[in-house]
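Residues per chain are reported as follows:
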Amino acid sequence: MATATEESRARQGAGAPSGAAAISLEQIVKTYRSGGEDVQAVRGVDLRIEQGEFFSLLGPSGCGKTTTMRMVAGFEDPTSGTVRLHGDDVTGIPPHRRDVNMVFQSYALFPHMTVFDNVAFGLRRKGEAAGEIRRKVAESLELVELSGRERTKPGRLSGGQQQRVALARALVNRPSALLLDEPLGALDLKLRQAMQIELKRIQRDVGITFVYVTHDQGEALTMSDRIAVMNGGRVEQLGTPAEIYERPATRFTAGFIGTSNLLSGTVDGHRGGFAEIGIDGAGEILAECDSPAGSRVDLTVRPEKIALDTAEPSADRARLPGVVAEVVYLGSTTHYTVRLGDGTEIVVFRQNSSDAASAADRGDTVWVSWRPEHAYALPGT
Amino acid sequence: MTTATETGRTPGGAAAERSARRRGGERRRPDWGKYFTWAVLCWLFAPIVFMVVFSFNDIKGRHNVTWEGFTLRWYSDAFAYPDLNVALLNTITIAVLTMLIAGFLGTLLGLALGRYRFFGQSATNLVMFSAISAPEVVLGASLLSMFLTMNIAVGYWTILIAHVMFSVSFVAITVRARVLTMDPSVEEAARDLGATPLATFRLVTLPLLVPAITSGGLIAFALSVDDYIITSFVSGSTQTFPLWIWGATRVGIPPQVNVMGTLIFGIGVLLAAGNMVLARRRSR
């Protein structure tokens, strides 16, 4: 394994002109004609994906993430814009002449070939020597822990094993980037979680740029170095998992990633670095916000940042009174739904730790509170 | 503890009860489904068995309809009728050529219909299905008038053209069905791994289509071997096996026909079995 890593490092050093991103997309637009109508699948995407990065394109189905990836692979040509691999313009170059490899959602293994022939396919196309091919295939199958299954046909393997053959088949070519199109979608939950850790390990071992397309926010948060959240053919937000989770830039991101509480209100004024925001029909709270007085804002607060008390919390916290509407016990945590004065429901996650104070019951009058910096203001509607 | 033992016993108890009920049911009611299946199989195989048995019939006169004793005479004498030999040879060469030509054209047609959207696609589909569903008499008559109008002498080659015409649709339909169920990303994967479009077709698409092409080709072969109606229109003076037999019915069919039928049937069974063995090995 050590050899493979060194090899890929050496190659990165030699191949990549310094300063050029592994993949860069410039003003990518993709328009389809469908039923006599133009449908814009991708509307002006700009992305720079750095060498060795684990980059995720996250979004709901139809957001343009798969189309974007297929334009990097060369299966689709952008209507306008430029695709660069290591600084070289590859727009319009067919897939078999691009130095990227893809792992398909359906795995797309060649059913009539053995595992060995599947993995050796790319190397044979490049005309490598037989001995070299044997060595690399063995190494690659070892990486995905499938040594000894060379003579097996894909149909005889389990879903998880097929997935790993697909991975080995792409990685054995040492592409400058590996594109993964929802590769874990067909696996059951347990296997999916195991494969997430496995994928991350493999990516660290080989040091190849991974571009990962998924609609599963958990998957993206677990594995990625950076995430681009896509919606309606555009990138909504670009950042590290923590940035995206903690500081969602738009209502869409806040709602799509994790559970989020949205509170609408008006900025009343600024005091001591915080803004005073009047939440419609519920009360006045403090939050970080630069918007001028009088402007409408939406506050997002993550459920695990919120404390639940029967007594009124101290005044330096943002606090609102409400009534417990629902209590769901989930073992390690309990989820509360608290209804505020105006009917807005706030979700609160609470750890069931040993020192936790006695929990509130349905119908109890409680206070929800959080530190002002944990609420994040978005331009309101 | 008691509860655990009880629940532990229940599944076994239920299974025993079920199997007892099933045994009882079998005693009470005969399994009509099974008898019916065997009856249908007998009905299907009776003519073949009859043909094989009567190829061993030691007949003295012209008519091979009553059992007169066992002989292998007709097998050693299988090629006693030169006309029949020529007819059989024509039938076999035409069938092989039909299989190859219809196999090739049908594969291309099936690929185009399954893979692409193009102008005239639904028209092509319509023509294909009408070639299958049109009455053979109509097809035969129109082919003959076409050949006459175009001043083409009817004979061996017009039979071949006619056979390719009516069997190409069967190949196209089997290939198209396979193309439609094929995962398009398998071919994309080949492209992605550096295969040119031509290499992708040779290494991935074609191997995946082979089962469909084979079965389509075998159907074409079988259709060509036993076609009588269309062949009779466009044959001119050329004889084929079915035409010869039809001609012979008036004077009595010699047992050599049964011998050849048995041999053709035997070869067919061998081919089908071989194809099955190959398919099983491929999937392993």
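Quick caveat: nothing in here was measured; it's all calculated off a predicted structure. (Residues numbered from 1 in each chain as written. Chains lettered and ligands numbered in written order. Predicted model: local features only at pLDDT ≥ 70, side-chain atom pairs only at ≥ 80, totals over all residues. Heavy atoms only, no water.)

Undergrad: Please explain the nonpolar core as it appears in this structure.
TA: Generally speaking, nonpolar side chains in soluble globular proteins are found buried as a group. Core analysis: the largest hydrophobic core is formed by 52 residues, its most contacted members being A:Ile23, A:Leu25, A:Leu57, A:Phe110, A:Phe121 and A:Leu179. Setting aside residues up to four positions removed in sequence, A:Phe110 forms contacts with A:Asn118, A:Phe121, A:Pro154, A:Arg169, B:Val186, B:Ala189, B:Ala190, B:Leu193 and B:Val204. (Core = buried A, V, L, I, M, F, W, Y, C linked by side-chain atoms within 4.5 Å. Buried < 20%, exposed > 50% of the residue type's maximum accessible area, 1.4 Å probe, protein only. Contact = heavy atoms within 4.5 Å.)

Undergrad: Please clarify how the packing of aromatic side chains should be interpreted in this entry.
TA: To describe a pair of aromatic rings, one takes the distance between the centres and the angle between the planes. Residue and element names in this part refer to chain A. Taken as a whole and judged by the stated rule, the model has 13 aromatic pairs over all chains. Ring geometry for Phe110 against Phe121: centres 4.7 Å apart, planes inclined by 45 degrees, an arrangement best described as tilted. Remark: Phe121 occurs in helix H3 (residues 115–125) and Phe110 occurs in the loop between strand E6 (100–103) and H3; sequence separation between them is eleven residues. For Phe110, a relative accessible area of 0% gives the class buried. Note that Arg169 overlies the ring of Phe110, its terminal NZ or CZ placed 4.7 Å from the centroid. (Phe/Tyr/Trp six-rings, centres within 6.5 Å; stacked < 30°, edge-to-face > 60°. Helix = DSSP H or I, 4+ residues; strand = E, 2+ residues; numbered from the N terminus. Lys NZ or Arg CZ within 6 Å of the ring centre and 35° of its normal.)

Undergrad: Help me out: how do you make sense of the domain arrangement of chain B in this one?
TA: Interface extent is often summarised as the accessible area lost during association of the parts. All names here are of chain B. Looking at the assigned domains, one finds that chain B contains domain 1 (31–59 + 67–80 + 254–284) and domain 2 (85–239). For domain 1 and domain 2, the distance between their C-alpha centroids amounts to 27 Å. Counting residues at the interface gives six residues for domain 1 and six residues for domain 2. In total, domain 1 and domain 2 occlude about 580 Å² of area from one another, counting both sides; carbon and sulfur atoms represent 72% of this. Counting the contacts that link domain 1 with domain 2 gives zero salt bridges. Applying the counting rule to domain 1 against domain 2 returns one residue pair in polar contact (both at pLDDT 80 or more). Class assignment of the residues belonging to the side of domain 1 that touches domain 2 gives a composition of four nonpolar, one polar and one charged. (Domains from an automatic or database assignment. Buried area = accessible area lost by both parts, 1.4 Å probe. Salt bridge = Lys/Arg side-chain N within 4 Å of Asp/Glu carboxyl O. Polar contact = N/O pair within 3.5 Å; in protein donor to acceptor, adjacent residues only side chain to side chain. Nonpolar A, V, L, I, M, F, W, Y, C, P; charged D, E, K, R; others polar.)

Undergrad: Quick question: what am I supposed to make of the interface of chain B and chain A here?
TA: Taken together, the 23 residues of chain B in the interface contact 24 residues of chain A. Each partner contributes to the roughly 1,900 Å² buried at the junction of chain B and chain A, and carbon and sulfur atoms together form 60% of this total. When the buried surface of chain B facing chain A is broken down by residue, B:Glu188, B:Asp192 and B:Leu193 rank first, second and third, together holding 35% of it. Along the contact surface separating chain B from chain A lie one salt bridge. Here B:Glu188 ties to A:Arg70 by a salt bridge, and the two come within 2.7 Å at their closest N and O atoms. Linking chain B to chain A there are seven residue pairs in polar contact (both at pLDDT 80 or more). Elements that contribute at least two residues to the side of chain B that touches chain A include exactly helix H8 (184–192), helix H9 (197–226) and helix H12 (255–283) of chain B. For the side of chain B that touches chain A, the per-class residue count stands at eleven nonpolar, four polar and eight charged.

Undergrad: Please clarify how the confidence of the model for chain A should be interpreted in this entry.
TA: Do not read the predicted coordinates in detail wherever pLDDT is low. Mean pLDDT for chain A: 86, with 93% of residues reaching 70 or above. Segment residues 1–18 of chain A: pLDDT under 50, and 20 contacts once partners within four positions in sequence are set aside and those in other chains are kept. (pLDDT = per-residue confidence, 0-100.)

Undergrad: What is the right way to read the environment of A:Arg296 from this model?
TA: Topologically, A:Arg296 is positioned in strand E14 (residues 296–301). At 3.0 Å, the side chain of A:Arg296 and the side chain of A:Thr266 are in polar contact.

Undergrad: Explain the pairing of strand E12 (residues 274–279) of chain A here, please?
TA: Successive side chains on a regular strand alternate, one facing one side of the sheet and the next facing the other. Residue and element names in this part refer to chain A. Relative to E12, strand E11 (residues 261–271) runs antiparallel, the two being bridged by six bridges. Its bridge partner being in E12, Val267 is matched across the sheet by Ile277. Linking E11 to E12, which pair antiparallel, is a turn of two residues; within it Gly272 sits at a positive phi near 55 degrees. Where E12 and strand E13 (residues 283–287) come together, five bridges link them in antiparallel fashion. The residue bridging Gly278 from the neighbouring strand is Glu284, located in E13. The hairpin turn running from E12 into E13, its antiparallel successor, is three residues long, and Gly281 in that turn takes a positive phi close to 70 degrees. (Pairing = 2+ DSSP bridges.)

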